[in-house]
Amino acid sequence: MLKGIIFDLDGVITDTAEYHYLAWKKTAEAIAVPFDREFNEELKGVSRMDSLYKILDHGGIRGQFSDAQVEELAHDKNTYYQELIKEITPNDLLPGIKDFLVECKEAGLQLGLASASKNGPVILDRLEVTNFFDTIVDPGKLKKGKPDPEIFVKAAEQLQLQVRECVGVEDAEAGIQAIKGANMFAVGVGTPDRMKLADWQVGSTAEITLERLKEKLGE
Ligand code: BG6
Ligand code: MG
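Under the annotation held in an unreviewed UniProt entry, the protein chain carries the name Beta-phosphoglucomutase and is attributed to Niallia circulans. UniProt lists a comment for the protein chain under the heading Sequence similarities (unreviewed entry), and it reads "Belongs to the HAD-like hydrolase superfamily. CbbY/CbbZ/Gph/YieH family." Quoted verbatim from the Catalytic activity (unreviewed entry) field of UniProt, the annotation for the protein chain is "beta-D-glucose 1-phosphate = beta-D-glucose 6-phosphate".

See below:
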């Protein structure tokens with residue numbers, strides 16, 4: 001029986017996926033690495049440092065940077081990203097998300113956040129939805145990032161629920177793999193070709209309601 005819902009943040013609750021894209025594009029182009037939306041898909045759900053290593057590998061220039069320079073690039077990207085998220089307000093919640101959070105809480109479901117982003121808590125605050133979440137996984141304490149299932153397993157543990165009682169919601173291919181690896185039902189926000197592994201693919205968050213989700217779960 002459904003008892004908990006575990007959400008990714010960027011691209012599911014709010015469109016910060018676009019801000020990550022803009023900040024990485026600026027960082028990549030500053031070091032002459034070509035960057036487009038297709039390649040950006042590979043970074044979705046991936047931690048800040050791992051994303052940067054992917055960019056350096058993409059440009060074939062990883063060996064040219066010292067650890068200190070890599071740290072500096074990551075810092076610069078985050079500074080730019082934080083500029084972009086400064087103006088976030090509750091109006092930036094993706095369509096239907098607020099209603100879905102409200103109906104989940106009214107139905108007594110436990111809600112968790114499983115985001116790789118260290119900026120997650122401040123973004124939830126700016127969106128004014130922190131109180132809906134019963135738990136937030138600290139991405140700094142994880143051994144492995146998405147697509148490893150650890151973050152979703154940890155969220156279920158923190159909610160004191162079994163994985164089979166939880167559903168995960170994601171917009172990244174790595175995130176869907178993580179949810180499936182955790183043996184949870186996966187809701188995928190995105191195009192059918194990218195959300196192939198999802199149990200329920202939706203084109204927009206506006207399509208996600210508790211009634212439809214329960215239908216999909218056969219409850
Ligand atoms: C994920 C995003 O949620 O968080 C990634 O999908 C991002 O694009 C990652 O790199 C880490 O975010 P942050 O805010 O800690 O740099
Ligand atoms: Mg995401």
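Q: Account for the coordination of the magnesium ion (ligand 2), naming residues and giving values.
A: Ideal donor angles around a metal are set by the shape: a four-donor tetrahedron calls for 109.5 degrees, a six-donor octahedron for 90 or 180 degrees. At the metal site, the magnesium ion (ligand 2) is ligated by Asp8 (OD), Asp10 (O) and Asp171 (OD), and these contacts range over 2.0 to 2.1 Å. The exposure class of Asp171 is buried, given its relative accessible area of 9%.

Q: Before we move on, can you summarise the pattern of salt bridges with the specific residues and values?
A: Scanning all chains against the criterion turns up 14 salt bridges. We note a salt bridge from Arg62 to Asp57, for which the minimum N-O separation is 3.0 Å. With a relative accessible area of 44%, Asp57 lands in the partly exposed category. Overlapping salt bridges bring together Glu38, Glu41, Lys44, Glu173 and Arg194 as one network.

Q: Can you explain the UniProt feature "active site" (unreviewed entry) in the protein chain? Please cite residues and give values.
A: In the numbering used here, UniProt assigns the "active site" (unreviewed entry) feature to Asp8 and Asp10. Checked against the lining of the largest pocket, the annotated residues just named reduce to Asp8 and Asp10. Here Asp8 is to be found in the loop between strand 1 (4-7) and helix 1 (16-30). Given the relative accessible area of 5%, Asp8 is considered buried. Discounting residues that sit within four places of it in the chain, Asp8 has contacts with Ile13, Leu113, Ala114, Ser115, Lys146, Val169, Glu170 and Asp171. At a separation of 3.1 Å, a polar atom in the side chain of Asp8 contacts the side chain of Lys146. In this view, Asp10 contacts Thr16, Ala17, His20, Tyr81, Ser115, Ser117, Ile123 and Asp171; residues no more than four positions away in its chain are not counted.

Each value, and the rule that gives it
Residues numbered from 1 in each chain as written. Chains lettered and ligands numbered in written order. Predicted model: local features only at pLDDT ≥ 70, side-chain atom pairs only at ≥ 80, totals over all residues. Heavy atoms only, no water. UniProt positions renumbered as here; feature names shortened; annotations may be inferred. Donors = N, O, S within 2.8 Å, 3.2 Å for Na, K, Ca; no water. Buried < 20%, exposed > 50% of the residue type's maximum accessible area, 1.4 Å probe, protein only. Salt bridge = Lys/Arg side-chain N within 4 Å of Asp/Glu carboxyl O. 1 Å grid on protein atoms, 1.4 Å probe; cavity = no way out; pocket = protein on both sides within 12 Å on 5 of 7 lines; lining within 4 Å. Helix = DSSP H or I, 4+ residues; strand = E, 2+ residues; numbered from the N terminus. Contact = heavy atoms within 4.5 Å. Polar contact = N/O pair within 3.5 Å; in protein donor to acceptor, adjacent residues only side chain to side chain.

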